[in-house]
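The primary structure of each chain is shown beneath.
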Amino acid sequence: MDTIKYVEDQLLKENNHPSFAPGDNISVSYKIVEGAKERIQIFKGDVIKIAGAGANKMFTVRKMSGSYGVERIFPLSSPNVVEIKINKRGKVRRAKLYYLRDLIGKKAKIKEKQRR
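Residues numbered from 1 in each chain as written. Predicted model: local features only at pLDDT ≥ 70, side-chain atom pairs only at ≥ 80, totals over all residues. Heavy atoms only, no water.

A. Representation of the nonpolar core within the structure. Counting residues in hydrophobic clusters, the biggest one holds 13 residues, and the most contacted among them are F20, I26, V28, F59, V61, F74 and I84. A per-element tally of this core places strand 1 (residues 25-34) first, with four residues. The contact partners of F20, leaving out residues within four places of it in the chain, are I26, V47, I50, F59, L76, I84, I86 and R89. (Core = buried A, V, L, I, M, F, W, Y, C linked by side-chain atoms within 4.5 Å. Buried < 20%, exposed > 50% of the residue type's maximum accessible area, 1.4 Å probe, protein only. Helix = DSSP H or I, 4+ residues; strand = E, 2+ residues; numbered from the N terminus. Contact = heavy atoms within 4.5 Å.)

B. The arrangement of the side chain of D46 in detail. With respect to the secondary-structure elements, D46 resides in strand 2 (residues 37-51). There is no salt bridge for the buried D46, and the closest opposite charge comes from K88, which lies 6.5 Å off by N-O distance. Of the polar contacts made by the side chain of D46, one reaches the side chain of N25; its length is 3.0 Å. Leaving out residues up to four positions away in the same chain, D46 has contacts with D24, N25, T60, V61, R62 and I110. (Lys, Arg positive; Asp, Glu negative; His and termini not counted. Salt bridge = Lys/Arg side-chain N within 4 Å of Asp/Glu carboxyl O. Polar contact = N/O pair within 3.5 Å; in protein donor to acceptor, adjacent residues only side chain to side chain.)

Keep in mind these numbers describe shape, not what the thing actually does.
Rendered as structure tokens:
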């Protein structure tokens, strides 16, 4: 088991993404390949889950598109994740924010953490 972890650490590319937590509002710049063209698309929303460890670490971002909720799962160590920018730090008391799926309007808003 230790050898597998060692190989994963060696193959894992060092990324310079900022540390974020569930409840934070982030913008993920993601590289999309369509045929021979490449473009960067920005997905802006709230982090509702962070799971895994090491090379398998993933995070889920949720945004509202019109009246529909859209969630997208990003692998943190993917070379397609170009940049992660933190817009706001959220004040939450849970690690998994699945309850936001049932809320609409102002109730689905996450309070911002006070800066000191």
